[in-house]
Structure formats: structure tokens, C-alpha cells
Amino acid sequence: MNILVTGGAGFIGSQVADAYIEKGHDVVIIDNLSTGRKEFINPKAVFYNADIADPSVAEVIEKENIQVINHHAAQISVHDSVKDPVADANSNIIGTLLLLQHAVSSGVGKFVFASTGGAIYGEQDCFPADEEHPQKPSSPYGLSKLTVEGYLRFYQEQHGLSSTVLRYGNVFGPRQNPRGEAGVIAIFCDRLLKDQTPVINGDGEQTRDYVFVGDVVRANLNAIEQNSSGIFNVGTGLETTVNELTRSLLRIAGSDILAKNAPGRGYEQRRSCLDNKKIKDSLDWEPRVSLEDGLVDTYEFFKNHQN
Ligand SMILES: NC(=O)c1ccc[n+]([C@@H]2O[C@H](COP(=O)([O-])OP(=O)(O)OC[C@H]3O[C@@H](n4cnc5c(N)ncnc54)[C@H](O)[C@@H]3O)[C@@H](O)[C@H]2O)c1
């Protein structure tokens, strides 16, 4: 198939592009390299250095005869979305709507969307949250993802554009950017390798559902192979506190540095954990990499790529 991966120079998108190419698909990547890196772009992909909102994207979709759009390009910082909700909406809502319009006019058959289970449910009423859990995002980032999910329903009903929404937990693994303000595992690996103190926001008892990037990539493969549309959580169903995570990383790194605490962030929920029954039943997906194995892999990656 001819697949467009937006954000294909980024942490997750680049590894999704690699996996599609490995399976024999023809992959086109659109990325503005705002956070993505050229060296992550698979040399077998056709690469366009462009913003998703650029008018040239319509021509690319038409010219490359795109059948599937896998949409990973986004403004990904919750913190920045709180500071500038308009910029977040321009990128994550308007940018995606433009893509959807191009998809319809070029006869694209399928749209896979990287959404968030970590930010869409807000403070959860029950644990783990399934896909029917009330959605009360506490940040503009979560709101923009939820808004796009609504538009996807509209495009499916109105234009017959089939879509698969993947609501990720906290994705971690090789290639994650350690210089952002999110991605605690990448940040802590980087700091430990520099003998710097890991800084925990709040008391460290907040929980997240950490899912390894290789497992997330498999969900993206299944999304196009199983031909089943809908909304699916992509998580482990397990909660881990930042304190537990820090202890594991210190052990793996063989470090005795003491982490310190900084004030917590009001817009981040206390606990997050995703029910994965629906994706197990419908897309034959379940996580295969344990947190411990994923942490070892991630730490090794950062050790080998310190520059
Ligand atoms: N990392 C996570 O834990 C997580 C969790 C839930 C959802 N997601 C979603 O997964 C997707 C990928 O996230 P990631 O963690 O790999 O982040 P990332 O920053 O590594 O990847 C995003 C990529 O998109 C590109 N990009 C950003 N805005 C663009 C634009 N307007 N036009 C073209 N390219 C643009 C960036 O250069 C980058 O290569 C995002 O949609 C994100 O919201 C990530």
C-alpha cells in the first residue's frame, strides 16, 4: 500500500514508518522537523520537508497516490498547549482538518490517528479506563485530540473515510526526545547518563500507563492489516508511579544519585491507566514488552547515543 506517515521523523512516527517499510509498503513521510530528526527518516521513504498545513501537502497526497494516512505529526507538549492554546489548535485541529479535506478529495481510504489515552480522560473515575470512560481533558492538548476524534466520526459518516483512532498511554523507548518537558523516561535516562539529578514533579506518587514504542508500532501495523475501524486504547492496564519508575531506572543505571522533587503541575491528572480489552479483541493486539525490559532497552539506546 502507499502510506503517508506524517511526523515520520519523530519518535513514534519514524518507527511506524520503519515497520511499514519492513512489511513491504511504500512510505511517504511529511515532517517539518520541528522536533523530528533527519537521521530517523528511513532512507527507503520518500521524504517531504513540509508542515501539514502547507498547501503542497494536497499535491503530495495526489501525486503519491496515497491510500492510507497515518497521522503522527502534532504539537505534543501539554505544557505549551496550556501556554498557547491557539497555536496548539492551529497545529493539532486545523492542521489535521486540512489533511482530512485532502484525504477526501484524493480518495484516501483509511486514516490512522495518534490520539492520547493519557490526556483525554482527565482525572479518571475508575481504573483502568475503557474507551467509554467520560472524556474530560484537563489541557488544550487533550481537548485538541478529542476534537479531532469528533471530526473523524463526521468524516466517516459523511464521506465514508474509515478511521482508526489509537489512544496511546505514555509511550517510551529509543528515539524519544530527552530535551522536551514530557517523556520522563527519556529525560531521566539522559540526566543519569550525565550524572545529573532526576527531578520529579510533585510527590512522585502520580501514576501513568507506560507502553513501549515497539508495542505501539505493532498497534499501527494491526490498524491497517485488520481493517477494523474505531477507537482503541493502546496501553498496558498497569499503573506505575514516577517514584517506582525512578527506582527502576536508578537500579538499571547502577546509580546512587538521589532524585529531588519540584512543584507539581496543576493540569496533569493524578492517575492514568488504560483498559486494553477492546484492542485485544478487535485488533489482536496486546503489549509484549514489560516495563523492566523496555527500560533496559531505552537506557541502552541513550547510552549508545549520548550526543
Ligand atoms: N509520546 C507519547 O507518549 C504520546 C502519547 C500519546 C499520543 N502521542 C501522539 O503521537 C504522535 C507522535 O508523538 P511523538 O512522541 O513521536 O512526538 P515527536 O515530537 O517525536 O513527533 C512528532 C513529529 O511531528 C513533526 N511535526 C510536528 N508538527 C508538525 C507539523 N505541523 N507539520 C509537520 N510535521 C510536524 C515533528 O517534527 C516530529 O517529527 C503525536 O501526535 C502525539 O500527540 C504521543
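Here the structure is shown first, and the text comes after it.
Residues numbered from 1 in each chain as written. Predicted model: local features only at pLDDT ≥ 70, side-chain atom pairs only at ≥ 80, totals over all residues. Heavy atoms only, no water.

Considering the overall build of the protein chain
Then, in step 1: Looking only at helices and strands, the protein chain has eleven helices and 13 strands in total.
Then, in step 2: Taking 2.2 N^0.38 as the reference for a compact globule, 307 residues should give roughly 19 Å; the C-alpha atoms of the protein chain span a radius of gyration of 19 Å, in line with that estimate.
Then, in step 3: Projecting the C-alpha coordinates of the protein chain onto the three principal axes gives extents of approximately 55 × 40 × 40 Å.
Then, in step 4: Across the 307 residues of the protein chain, 53% fall into the buried class.
Then, in step 5: Pairs at least 24 residues apart make up 79% of the contacts formed inside the protein chain by residues separated by at least 6 positions.
Then, in step 6: Total accessible area on the protein chain is roughly 13,500 Å²; 48% of this is exposed by carbon and sulfur atoms.
Then, in step 7: Averaging the positions of the 28 positive and the 40 negative side-chain charges in the protein chain gives two centres separated by 3 Å. (Helix = DSSP H or I, 4+ residues; strand = E, 2+ residues; numbered from the N terminus. Rg over C-alpha atoms; globule rule 2.2 N^0.38 Å. Buried < 20%, exposed > 50% of the residue type's maximum accessible area, 1.4 Å probe, protein only. Contact = heavy atoms within 4.5 Å. Areas by Shrake-Rupley, 256 points an atom, 1.4 Å probe, with all protein chains shown as cover. Lys, Arg positive; Asp, Glu negative; His and termini not counted. Charge placed at Lys NZ, Arg CZ, Asp CG, Glu CD.)

So, the site of the ligand
Then, in step 1: Within the structure, the ligand sits among 28 residues, and Phe11, Ile12, Asp31, Thr35 and Tyr141 are positioned closest to it.
Then, in step 2: A distance of 3.1 Å is found between an oxygen atom of the ligand and a backbone nitrogen or oxygen belonging to Gly10.
Then, in step 3: Here a nitrogen atom of the ligand and a backbone polar atom of Ile52 are 2.9 Å apart.
Then, in step 4: Where the shell around the ligand is concerned, the elements lending two or more residues are helix 1 (11-22), strand 5 (110-116), helix 6 (140-159) and strand 7 (170-172).
Then, in step 5: Sorting elements by how many residues they give to the shell around the ligand places strand 5 first, with three residues.
Then, in step 6: Partitioned by chemical class, the residues of the shell around the ligand number 13 nonpolar, twelve polar and three charged. (Near = heavy atom within 4 Å. Polar contact = N/O pair within 3.5 Å; in protein donor to acceptor, adjacent residues only side chain to side chain. Nonpolar A, V, L, I, M, F, W, Y, C, P; charged D, E, K, R; others polar.)

Comments concerning the pattern of salt bridges
Once the charged atoms of two side chains with opposite charge are near each other, the side chains can pair.
Then, in step 1: Across all of its chains, the model carries 13 salt bridges by this definition.
Then, in step 2: Linking Lys303 and Glu300 is a salt bridge whose minimum nitrogen-to-oxygen distance equals 3.9 Å. Taken as a pair, Lys303 and Glu300 lie in helix 11 (residues 291-304) at a separation of three residues, close to a single helical turn. (Salt bridge = Lys/Arg side-chain N within 4 Å of Asp/Glu carboxyl O.)

Things to note about the packing of helix 4 (residues 85-105) against helix 6
Then, in step 1: The interhelical angle for the contact between helix 4 and helix 6, taken along N-to-C directions, is 15°, at an axis separation of 9 Å. Judged by the inter-axis angle, helix 4 sits roughly parallel to helix 6. Here the hand of the crossing between helix 4 and helix 6 comes out right-handed. For the pair helix 4 and helix 6, contact is made by Pro85, Asp88, Asn92, Ile93, Thr96, Leu97, Leu100, Gln101 and Val104 and by Pro140, Tyr141, Ser144, Thr147, Val148, Tyr151, Leu152, Tyr155 and His159, respectively. (Axes fitted to C-alpha atoms, helices over the stretch in contact; angles between N-to-C directions. Parallel < 35°, antiparallel > 145°, perpendicular 65-115°, else oblique. Left-handed = near helix turned anticlockwise from the far one by under 90°.)

Quick word on the layout of surface pockets
Then, in step 1: Its volume calculated, the second largest pocket comes out at about 200 Å³.
Then, in step 2: Residue contributions to the lining of the second largest pocket peak at six residues, all from helix 6.
Then, in step 3: Looking at the lining of the second largest pocket, its residues break down into four nonpolar, six polar and three charged. (1 Å grid on protein atoms, 1.4 Å probe; cavity = no way out; pocket = protein on both sides within 12 Å on 5 of 7 lines; lining within 4 Å. Points joined across faces, edges and corners; volume = space filled by probe spheres on them.)

Let's talk about the side chain of His133
Then, in step 1: Note that His133 resides in the loop between helix 5 (117-120) and helix 6.
Then, in step 2: Under the relative-accessibility criterion, His133 is labelled buried at 3%.
Then, in step 3: Ignoring anything within four residues of it in the chain, the contact list for His133 reads Tyr121, Glu123, Gln124, Asp125 and Cys126.

Re the side chain of Glu64
Then, in step 1: Structurally, Glu64 is set in the loop between helix 2 (56-63) and strand 4 (68-71).
Then, in step 2: Despite its burial, Glu64 pairs with no opposite charge, the nearest such side chain being Lys63 at 4.4 Å.
Then, in step 3: Ignoring sequence-local partners within four residues, the contact set of Glu64 consists of Asn2, Val28, Val46 and Tyr48.

No statement about biological role is implied by the geometric values presented.
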